[in-house]
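Coordinates in review
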Amino acid sequence: MEIPPHVVSMVGHSLLFILALGMSATVDINSLMTQVRNTKAITTGVFTQFIVLPLLGFLTVKMFHMENLSGLMLLIVTCSPGGSFSNWWCSVFNADLALSITMTSISTILAMIMLPLNLYVYSLLAFGDEVDVMRMLDFRELATSLAVVITAVTIGV
């Protein structure tokens, strides 16, 4: 018996919501606001997530002459920002959870523009017109994930 895609999507979004809510509920609002004003850390994180990592993915695709499918999968992974799972790791290793939650929120919002833009640019450079990434992207799922993370963080804080 195959599970319908909408059920898988609902379960995935529910688990993402619970994870983001649980992690953000453990952070003090003052710590979060301090990290929002930490422009050096935020700028470094955004630069690394949306410029360096996608560029490294593209260079890997080109260096190893990857086929369209595996190359595109690597580009998708490297163009996607870090998510709520990084918050869990920060919690486990007693890292700066407030910074991680702040970066998750900011990168999730920026991902609505940067993910499709990076995928478009790097897939065009890597594969030419052979792969139409913009047609493949599910913008509704992307927006839903954005709403889930932002809602969970807002409620949790």
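Residues numbered from 1 in each chain as written. Predicted model: local features only at pLDDT ≥ 70, side-chain atom pairs only at ≥ 80, totals over all residues. Heavy atoms only, no water.

1. Focus: the pattern of salt bridges
For the structure shown, the criterion picks out one salt bridge. For R135, the salt bridge goes to D132, with nearest N and O atoms at 3.6 Å. R135 gets classed as exposed once you look at its relative accessible area, which sits at 64%. (Salt bridge = Lys/Arg side-chain N within 4 Å of Asp/Glu carboxyl O. Buried < 20%, exposed > 50% of the residue type's maximum accessible area, 1.4 Å probe, protein only.)

2. Brief notes about helix α3 (residues 39–63)
An ideal rise of 1.5 Å per residue puts 36 Å on 25 residues; α3 measures up with 34 Å between its terminal C-alpha atoms. What α3 keeps buried is the set I42, G45, Q49, F50, P54, G57, F58 and V61. (Helix = DSSP H or I, 4+ residues; strand = E, 2+ residues; numbered from the N terminus. Expected span 1.5 Å × (residues − 1).)

3. Considerations on the packing of aromatic side chains
Applying the stated criterion across every chain, the model contains three aromatic pairs. Here the aromatic rings of F58 and Y122 are separated by 5.3 Å at their centres, their planes lie at 35°, and the arrangement is tilted. Residue F58 is found in helix α3, and its partner Y122 is found in helix α6 (residues 97–127); the two are separated by 64 residues along the sequence. Among the aromatic side chains, those forming a connected cluster through ring pairs are W88, W89 and F93. (Phe/Tyr/Trp six-rings, centres within 6.5 Å; stacked < 30°, edge-to-face > 60°.)

4. With respect to the side chain of S24
Relative to the helices and strands, S24 resides in helix α1 (residues 5–25). For S24, the side chain forms a polar contact with the main-chain oxygen of A20, separated by 2.9 Å. Polar contacts involving the side chain of S24 include one to the main-chain carbonyl oxygen of L21, which spans 3.2 Å. Ignoring any residue separated from it by four or fewer positions in sequence, one finds S24 in contact with I101, A152, V153, G156 and V157. (Polar contact = N/O pair within 3.5 Å; in protein donor to acceptor, adjacent residues only side chain to side chain. Contact = heavy atoms within 4.5 Å.)

5. Notes on the nonpolar core
Ranked by internal contacts, the top residues of the largest apolar core, which has 13 residues, are L75, L119, A126 and F127. Contributions of two or more residues to this core are made by α3, α4 (68–79) and α6. Looking at which element gives the most residues to this core, the answer is α6, with five residues. Here L119 is in contact with L75, I76, C79, L124, V133 and L137, once residues within four sequence places are set aside. Grouped together as the second largest cluster of nonpolar side chains are nine residues, M23, L32, I101 and V149 included. (Core = buried A, V, L, I, M, F, W, Y, C linked by side-chain atoms within 4.5 Å.)

6. Regarding the packing of α3 against α6
Contact geometry of α3 with α6 gives a least axis separation of 9 Å together with a crossing angle of 30°. By the criterion of interaxial angle, the relationship of α3 to α6 is roughly parallel. Read as a crossing pair, α3 and α6 show a hand that is right-handed. Taken together, the residues of the contact of α3 with α6 sort by class into 19 nonpolar, five polar and one charged. (Axes fitted to C-alpha atoms, helices over the stretch in contact; angles between N-to-C directions. Parallel < 35°, antiparallel > 145°, perpendicular 65-115°, else oblique. Left-handed = near helix turned anticlockwise from the far one by under 90°. Nonpolar A, V, L, I, M, F, W, Y, C, P; charged D, E, K, R; others polar.)

7. Some details on the packing of α6 against helix α8 (residues 139–156)
Where α6 meets α8, the axes come as close as 10 Å, and the angle between the chain directions of the two elements is 165°. By the angle between their directions, the pair α6 and α8 is classed as roughly antiparallel. As α6 packs across α8, the resulting crossing turns out to be left-handed. Residue-level inspection shows I101, T104, S105, T108, I109, A111, M112, L115 and P116 of α6 in contact with α8, the latter providing F139, L142, A143, S145, L146, V149, I150 and V153. For the contact of α6 with α8, the per-class residue count stands at 13 nonpolar, four polar and no charged.

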